[in-house]
Amino acid sequence: MPPASGNRSFEALTFALSGEIFAVDAYMVREILDIIPVTEVPGAQDFVPGLINVRGRVVPLADLRVKFGMEVAAISPDTRIVVVEMELFGEATIVGLLADKVYEVAELTEAAIEDPPAIGMKWRPDFIKGVGKHGNDFIFIPAIEHIFAAG
Amino acid sequence: MAAATDPHQIFLEEAAELLIQLEAALLSLEAAPDDRELIATAFRALHTIKGSGAMFGFDAVAEFTHQLESAFDRVRNGQLAPSAELIGIALAAKDHIRDLIGGPDAADPAAGADLLCRVSQLVGAPAAPSQAAPVAAEGRREAMVTWRIRFGLAADSLERGINPLPLLDELRSFGPCTVLALTDAVPPLAELDPVACYLRWDVMLTTDHPRGDIEGVFIFVADECELQLEAVGDAGGRLGDILVRRGDAHPETVETIAAGRERLGTLLVREGVVGEPQLRSALAEQKHVREAAGSQAAAIGSVRVPAERLDNLMDQVGELVIAQARLKQLVAACDDGHIKAVAEEIERLSNGLRDTTMGIRTVPIGSLFDRFRRLVRDLSHDLGKNVRLTMSGEETELDKTVIERLNDPLVHIVRNSLDHGIEDPDARELAGKPRQGCLQLSAAHSGAQVLVKVRDDGRGLDRDRLRAKAEEMGLLVPGAPITDAELLQTIFHPGLSTAAQVTSVSGRGVGMDVVKRAVDGLRGSIEVASVPGEGTEIALTLPLTLAIIDGLLVRVGNGRYVIPLSAVEECVELSTADDLRHTGRNFLSIRGDLVPFIRLRQTFRSPLPADPYQKVVIVAAAERRVGLVVDQVIGDHQTVIKSLSRLHADVANFSGATILGDGTVALILDVGHLVAEGQAAEPPRQAS
């Protein structure tokens, strides 16, 4: 995250992973899907266990919870797939992200977002771009591209 | 994309194509220096490169090309012979033009100046005796124009040794030409003077030569002949209009008669307005103009389309095929006859659309083969060998992507053949072979696949050396028995080269393994056959397309997978006895052959219990067979291949994925990899 510069705000989609709130820039979100049939890829890493069909495209389904060492909860009626598009290995790539629950598109001001604390984080610090506050809740902004590029 | 409409980009593409044409013409010219058509092609290519180069600001290109064009203009006019030296310079100059187009820095100005100097020396040399092309100083080429030429000779001209036929032939050399003799002046036989010339000719000529060239044809007979020369334009049109324009009939008469609504020509003759010969001539003109317009329309009939759009089209057709499969599945459970009829209609249309789209993407393999003429010429020259390249099946069509990705592997193979396969002329003579070696490129369809072969008549692969090398590298246990085919397959192992010495051409041991990987990437296979002393043949079997394949849909546990049908040999049931013989080796006896099998349920770690009657799908790759144990064989499936993302690059068992009729994703098995794995699971041994 660039250092907080002024009060510019951006829209972010907030969703739950194992009880914590995460947010991704709404700019990269293509759509949000209810849970659909997932094809398991035998031999793939736990992080990208399967493939889904998004409007005729074969798209890998990723589970960020694996990268954050969270417990993988069973699929519930609230489970959603957030389809995001990003630049990965130099090409535009579409990926589905499993979310326990999707909340809303929230307005976040850049000033309110801080660098992740150096200590006291349970996750790899380079996987989190910043921490913001929304009401009384902390919102974690994952470094999506970095997480995927790290494989 | 902007690239599609960027004129700069269009010039680059066009120039690349013209350079290919130029090179092909030059190489053919080497063998047939008298072929005027080839000279014309080379000249046209240079001319266009010069013209559009100047238009798009490639001044260096235009200037350099201009010199070369002038030389070829002289060749075209018969003033300069297309000698081997000139062609050699022209080929080098062609490369220089390519560099110049690539950027002013890519080209070496000194080399360019040297080439120009050599060209002007050649041009400056006394002109070769030409068979007097009486073409007047030829100006700028113009657009295609149709000319109407009517000429007749004085009655006594034949007596004076004037022959009209060469004149007509010369007109024919300018372009599409229709010649009609007007015989109305021929008297009855009794009055006929056999040496008098009674004939006149109407000639319709469509050409880009200027008027001066046409008049030049008649320059020596100008005093003895009547000559009318007019541009017809593209008008053509109705017969009456033509006759009126030619002054053979009066407009009002034609109008009156045309009102009668019979065939105009018949009426005009019957009414005595025009004579039969005039009418036939006018009809010939009508036909000629139509044909000329038709052939120009045909040239416009092909459209340059950015490859990206074709890819998008293919993607969309792929999705249509998937949606259609889904519709078919839904309709199968429905009783409404009308809906069924519509679904069938859509199936027919989408199949047609799929075939057409795939057809658009295919290009003849000749476009790829042609590049090898230069490679073989230059390389055999560098190596001091005398090699003749023959090609067959150039018209065989393959997917554009396959052709593009076939280039590098073929270059490797051809280089290997020239370097290691074909011997020096002296060595060949010693071995009782003709001094000239022969390299053959061929392509042919075989089912849904294309067979591409590279064959040379060189010394063949040295099996002893191959074996020694393989043992040295630990690929083979010294002294272990091995089939000839297996021994030959070792050339595809990374790092193995039988060349005793590393040359600049090949021999570093990088090559054949790269070839193998490239061919595997195309879902093709590669085989080697070699007879010591007689030559080597490398055969590539390639799929027609990379986009859609026929697949066999199978179920393993609760997952569904597609096996490319081209790899499937047969399906058998896994007998309980074979199934239970768990101890150590998994082998199946197929008509006496032992075939290893892989339990896909174990490979894929399926938690579900196996079906009571499992099936074995026998697949083959590179002449090795392996059985894949599945729970159920579901049936055939039109498979639109989608590649896996980089996130799944580490998963080796699958070559891609596809979308099934119900919208779920199924993985496509990488048979080559599974076969290699199945074979590796067992110690090397012979099946028989």
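This report concerns the structure included in the present document.

Reading the values: rules and limits
- Within every chain, residues take consecutive numbers counted from 1 along the sequence as written.
- For this description, chains carry letters from A and ligands carry numbers from 1, given in the order in which they are written.
- Note on the predicted model: pLDDT of at least 70 is required for a residue's local features to be given, and 80 or more for side-chain atom pairs to be given and counted; whole-chain, interface and lining totals, by contrast, use all residues.
- Hydrogens are left out, water is left out, and the side-chain values use all remaining heavy atoms of the structure.
- Secondary structure elements follow DSSP: runs of H or I no shorter than four residues count as helices, runs of E no shorter than two count as strands, and numbering proceeds from the N terminus.
- Here the term buried applies to any residue with accessible area under 20% of the maximum for its type, exposed to any over 50%, and partly exposed to those in between, with areas from a 1.4 Å probe on protein chains only.
- The contact rule is simple, with two residues in contact once any of their heavy atoms fall within 4.5 Å.
- Throughout, the Shrake-Rupley method with a 1.4 Å probe supplies accessible areas, and for residues the shown protein chains are the sole cover considered.
- The working definition used for a salt bridge is a side-chain nitrogen of Lys or Arg within 4 Å of a carboxyl oxygen of Asp or Glu.
- Buried area is a sum: the accessible area each of two parts loses on coming together, probed at 1.4 Å, counted once for each and added.
- Here a polar contact is recorded for every N or O atom pair within 3.5 Å, except that within protein the pair must consist of a potential hydrogen donor and a potential acceptor, and residues adjacent in sequence are included only if both atoms are side-chain atoms.
- By definition, two strands form a pair when at least two bridges between them are found by DSSP.
- For helices, the fitted line uses only the C-alpha atoms of the stretch in contact; every axis is such a line through C-alpha atoms, and the angle between N-to-C directions lies from 0 to 180 degrees.
- Angle categories are assigned with fixed cut-offs, so that under 35 degrees is roughly parallel, over 145 is roughly antiparallel, 65 to 115 is roughly perpendicular, and the rest are oblique.
- Handedness of a crossing is defined here by the sense of rotation of the near helix relative to the far one, left-handed for an anticlockwise turn of less than a right angle and right-handed for a clockwise turn.
- In this classification, Asp, Glu, Lys and Arg are treated as charged, Ala, Val, Leu, Ile, Met, Phe, Trp, Tyr, Cys and Pro as nonpolar, and every other residue, Gly included, as polar.

### Topic: the overall build of chain B
Piece 1. Helix and strand counts for chain B stand at 22 helices and 21 strands.
Piece 2. By the burial criterion, 44% of the 688 residues in chain B qualify as buried.
Piece 3. Partitioning the contacts of chain B with sequence separation of at least 6, the portion at a separation of at least 24 is 69%.
Piece 4. Working note: accessible area of chain B is about 34600 Å², and carbon and sulfur atoms make up 54% of it.

### A short note on the pattern of salt bridges
All names here are of chain B.
Piece 1. Enumeration according to the criterion identifies 36 salt bridges over all chains in this entry.
Piece 2. Between Arg 463 and Asp 484 there is a salt bridge; the shortest N-O distance is 2.6 Å. Here Asp 484 lies in helix 18 (residues 484-489) and Arg 463 lies in helix 17 (residues 463-472), a separation of 21 residues in the sequence.
Piece 3. The class for Arg 463 is buried, based on a relative accessible area of 17%.
Piece 4. Of the charged contacts in the structure, one is a salt bridge between Arg 625 and Asp 593, with a shortest N-O distance of 3.2 Å. Of this pair, Arg 625 sits in strand 18 (residues 624-630) while Asp 593 is found in strand 16 (residues 593-599), placing the two residues 32 residues apart along the sequence.
Piece 5. Overall, Arg 625 belongs to the buried group, its relative accessible area being 19%.
Piece 6. Each of the salt bridges in this network shares a partner with another, and the network as a whole consists of Glu 23, Glu 30, Lys 94, Asp 95, Arg 98, Asp 99, Arg 374, Arg 377 and Asp 378.

### Quick word on the interface of chain A and chain B
Piece 1. Each partner contributes to the interface: chain A provides 22 residues, whereas chain B provides 19 residues.
Piece 2. Summing the contributions of chain A and of chain B, the shared interface buries around 1800 Å²; its carbon and sulfur component is 69%.
Piece 3. Inspection of the region where chain A meets chain B yields 0 salt bridges.
Piece 4. On inspection of chain A and its partner chain B, the count reaches 3 residue pairs in polar contact (both at pLDDT 80 or more).
Piece 5. Among the elements of the structure, strand 4 (39-40), strand 5 (50-54) and strand 6 (57-62) of chain A are those that each provide at least two residues to the side of chain A that touches chain B.
Piece 6. Considering each element in turn, the side of chain A that touches chain B owes the most residues, 4 residues, to strand 5 of chain A.

### Some words on the sheet that holds strand 2 (residues 20-25) of chain A
Residues and elements named next belong to chain A.
Piece 1. In space, the 5 strands of this open sheet follow the order 9-1-2-11-10, with mixed pairing throughout. The sheet terminates laterally at strand 9 (101-109) and strand 10 (128-134), the two strands that pair on one side only. Across the sheet, the mean angle from the axis of one strand to that of its neighbour is 35°, orientation sign disregarded.
Piece 2. Examined bridge by bridge, strand 1 (residues 9-17) and strand 9 share 7 bridges and lie antiparallel to one another. The residue of strand 9 that forms the bridge with Phe 10 is Leu 108.

### Structural notes on unusual backbone geometry
Piece 1. One non-glycine residue, A:Ser18, adopts positive backbone phi at about 50°.
Piece 2. The residue A:Ser18 is located in the loop between strand 1 and strand 2 in this model.
Piece 3. Residue A:Ser18 is classed as partly exposed on the basis of its relative accessible area of 36%.
Piece 4. You will see that B:Arg605, though not glycine, has its phi angle at about 50°, which is positive.
Piece 5. With respect to the helices and strands, B:Arg605 occurs in the loop between helix 21 (600-603) and strand 17 (615-621).

### Some words on the sheet that holds strand 8 (residues 437-446) of chain B
All names here are of chain B.
Piece 1. Strand order in the open sheet formed by 5 strands is 6-8-9-11-10, with mixed pairing between adjacent strands. Only two strands of the sheet have a single partner each, and these edge strands are strand 6 (387-392) and strand 10 (525-531). This sheet shows a mean twist of 15° between the axes of neighbouring strands, independent of strand direction.
Piece 2. Alignment of strand 9 (residues 449-456) against strand 11 (residues 535-543), held across 8 bridges, turns out to be antiparallel. Considered in strand 11, the bridge of Leu 451 is made with Thr 541.
Piece 3. On top of the sheet, helix 14 (residues 366-383) reaches strand 6, strand 8 and strand 9; it is set at about 170° to strand 6, its chief contact.

### Some details on the packing of helix 14 of chain B against helix 15 (residues 400-421) of chain B
Residues and elements named next belong to chain B.
Piece 1. One way to put it is that helix 14 packs onto helix 15 with a least axis distance of 10 Å and a crossing angle of 25°. Between helix 14 and helix 15, the angle is such that the two are roughly parallel. In the crossing of helix 14 with helix 15, the sense of the turn from one axis to the other is right-handed. Contacts from Leu 368, Phe 369, Arg 371, Phe 372, Leu 375, Val 376, Leu 379 and Leu 383 in helix 14 reach Ile 403, Leu 406, Asn 407, Leu 410, Val 411, Val 414, Arg 415, Leu 418 and Asp 419 in helix 15.
Piece 2. In the contact of helix 14 with helix 15, the residues fall into 13 nonpolar, 1 polar and 3 charged.

In short, geometric facts, not functional conclusions.
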